[in-house]
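An overview of the molecular structure
Below are the chains, spelled out letter by letter.
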Amino acid sequence: MFNALRKGFGLTFKSMFRPGVTVRYPEHRRPAAPRYHGRHVLNRHPDGLEKCVGCELCAWACPADAIYVEGKDNTPEARYSPGERYGVIYQINYLRCIFCGLCIEACPTRALTMSNDYEMTFDNREDYIYEKHQLIAPLPEGAKPLPHSDAEVAARDMDYYQGKAAQLPLAHRSDAGHRGDVSTGPEPEEFGDPATVPLGGGRTEPPRDDPPGKDRS
């Protein structure tokens with residue numbers, strides 16, 4: 001019994017002289033890990049066009065059904081993304097989100113990434129549903145506000161879907177709505193078939209044609 005007391009109080013005595021590990025939050029904040037999964041960010045191309053093309057693959061991949069996306073067609077006079085469509089409505093319900101990052105892996109254009117922002121505490125439940133204007137990155141310096149016309153986009157002669165510069169997310173400024181830096185993650189060599197993306201939330205992949213000679217009976 002004496003040895004047990006000696007070991008127990010000895011550990012307590014040693015701990016009394018160790019430096020503290022607590023932080024006086026929010027006056028002092030420790031930096032998050034570089035690959036910390038925080039608030040999502042919808043990134044832009046260097047000319048201001050949105051990388052999101054409204055494909056909804058992030059919503060299909062979300063196992064918690066926390067993402068809601070509505071796509072809309074671009075027009076020659078009003079273009080918001082380089083693709084055929086863009087996300088006119090983009091919502092993330094952070095009461096459901098489990099910060100797993102599967103939506104990031106499913107995004108074929110690297111439009112969606114996760115920042116280091118973890119300060120998302122509100123008084124009302126409605127405030128936890130982030131809208132597109134709260135998630136979209138600010139316009140790059142010198143970029144014209146959206147929408148752009150097809151003529152303006154064609155005059156820039158940019159390659160939006162190939163090359164390292166087009167795929168890496170843009171860093172955004174640290175302010176009240178966009179704290180922290182975007183976590184870029186590994187650079188994809190190429191994008192696979194969207195049909196092979198793992199789905200979640202009770203959804204299943206669309207049916208595929210059976211191989212020749214397979215008996216369906």
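See the structure shown above.
This report concerns the structure included in the present document. For every chain, the first residue of the written sequence is number 1, and numbering continues from 1 onward in sequence order. Per-residue local features of the predicted model are confined to residues with pLDDT of at least 70, and side-chain atom pairs are confined, for both listing and counting, to 80 or more; whole-chain, interface and lining totals are unaffected and use all residues. For side-chain calculations, the full set of non-hydrogen atoms in the structure is used, while hydrogens and water are omitted.

What follows covers the overall build of the chain. Helical segments are the DSSP runs of H or I of at least four residues, strand segments are the runs of E of at least two, and each set is numbered from the N terminus. Looking only at helices and strands, the chain has 6 helices and 5 strands in total. Going from the N terminus to the C terminus, the chain shows its helices and strands as α-β-α-β-β-α-β-β-α-α-α. Per-residue accessibility, obtained with a 1.4 Å probe over protein chains only, is compared with the maximum for each type, and a residue is labelled buried under 20%, exposed over 50%, and partly exposed between these values. Residues counted as buried form 34% of the 217 residues belonging to the chain. Residues are treated as being in contact if the distance between any of their heavy atoms lies within 4.5 Å. A sequence separation of at least 24 residues applies to 74% of the contacts in the chain between residues at least 6 apart.

Moving on to the sheet that holds strand E2 (residues 67–73). Within the open sheet, the 3 strands sit side by side as E2-E3-E5. Their pairing is antiparallel. The sheet is open, and its two borders are formed by E2 and strand E5 (129–130), each paired with just one other strand. The pairing of E2 with strand E3 (residues 85–93) spans 7 bridges and is antiparallel. Residue pairing for E3: Val-69 is matched across the bridge by Tyr-90. One requirement defines pairing of two strands: DSSP has to find at least two bridges between them.

What follows covers the state of the cysteines. Linking two cysteines covalently via their sulfur atoms produces the bond known as a disulfide. Defined by distance alone, a disulfide is two cysteine sulfur atoms within 2.5 Å. Scanning all chains against the criterion turns up 0 disulfides. Looking at the unpaired Cys-58, the closest cysteine sulfur is the one in Cys-55, lying at 6.3 Å. Here Cys-103 is not disulfide-linked; the sulfur of Cys-100 is the nearest cysteine sulfur, at 6.2 Å. For Cys-103, a relative accessible area of 6% puts it in the buried group.

As a further point, take the pattern of salt bridges. A side-chain nitrogen of Lys or Arg and a carboxyl oxygen of Asp or Glu constitute a salt bridge if their distance falls within 4 Å. Scanning the model with the defined rule gives 8 salt bridges in all. The salt bridge partner of Arg-39 is Asp-117, with a shortest N-O separation of 3.1 Å. One end of the pair, Arg-39, is in the loop between helix H1 (2–15) and strand E1 (40–42); the other, Asp-117, is in the loop between strand E4 (112–114) and E5, with 78 residues separating them in the sequence. Ionic pairing is found between Asp-65 and Arg-96, a salt bridge with its closest N-O pair at 3.9 Å. Note that Asp-65 is positioned in the loop between helix H2 (57–61) and E2 and Arg-96 in the loop between E3 and helix H3 (102–106), a separation of 31 residues in sequence.

Let us look at the pairing of E3. Relative to E5, E3 runs antiparallel, the two being bridged by 2 bridges. The partner of Asn-93 across the bridge, within E5, is Ile-129.

Here we come to the side chain of His-40. Here His-40 shows up in strand E1. Once residues within four sequence positions are removed from consideration, His-40 is found in contact with Ile-92, Tyr-94, Cys-97, Cys-103, Ile-104, Leu-112, Thr-113, Met-114 and Leu-135.

What follows deals with the packing of aromatic side chains. Any two rings among Phe, Tyr and Trp, with Trp reduced to its six-membered ring, count as a pair given centres within 6.5 Å; such a pair is stacked if its planes are under 30 degrees apart, edge-to-face if over 60, and tilted if neither. Under the criterion given, the structure shown has 7 aromatic pairs. Aromatic side chains Tyr-36 and Tyr-118 sit 6.2 Å apart centroid to centroid with 85 degrees between the ring planes, which places their arrangement in the edge-to-face category. With Tyr-36 in the loop between H1 and E1 and Tyr-118 in the loop between E4 and E5, this pair connects stretches of sequence that are 82 residues apart. Given the relative accessible area of 34%, Tyr-36 is considered partly exposed. Where Tyr-94 meets Tyr-130, the ring centres are 5.0 Å apart and the plane angle is 85 degrees; that geometry is what we call edge-to-face. Taken together, the residues Tyr-94 in the loop between E3 and H3 and Tyr-130 in strand E5 connect sequence positions 36 residues apart. Per residue, the accessibility class of Tyr-94 equals that of Tyr-130, and both read buried. These aromatic residues form a ring-pair network of at least three members: Tyr-94, Phe-99, Phe-122, Tyr-128 and Tyr-130.

With respect to the element layout, Ile-92 can be found in strand E3. Along the backbone, Ile-92 and Ile-129 are 37 residues apart, and their C-alpha atoms lie at a distance of 5.6 Å. Beyond its immediate chain neighbours, meaning those up to four positions away, Ile-92 contacts His-40, Ala-66, Ile-67, Tyr-128, Ile-129, Tyr-130 and Leu-135.

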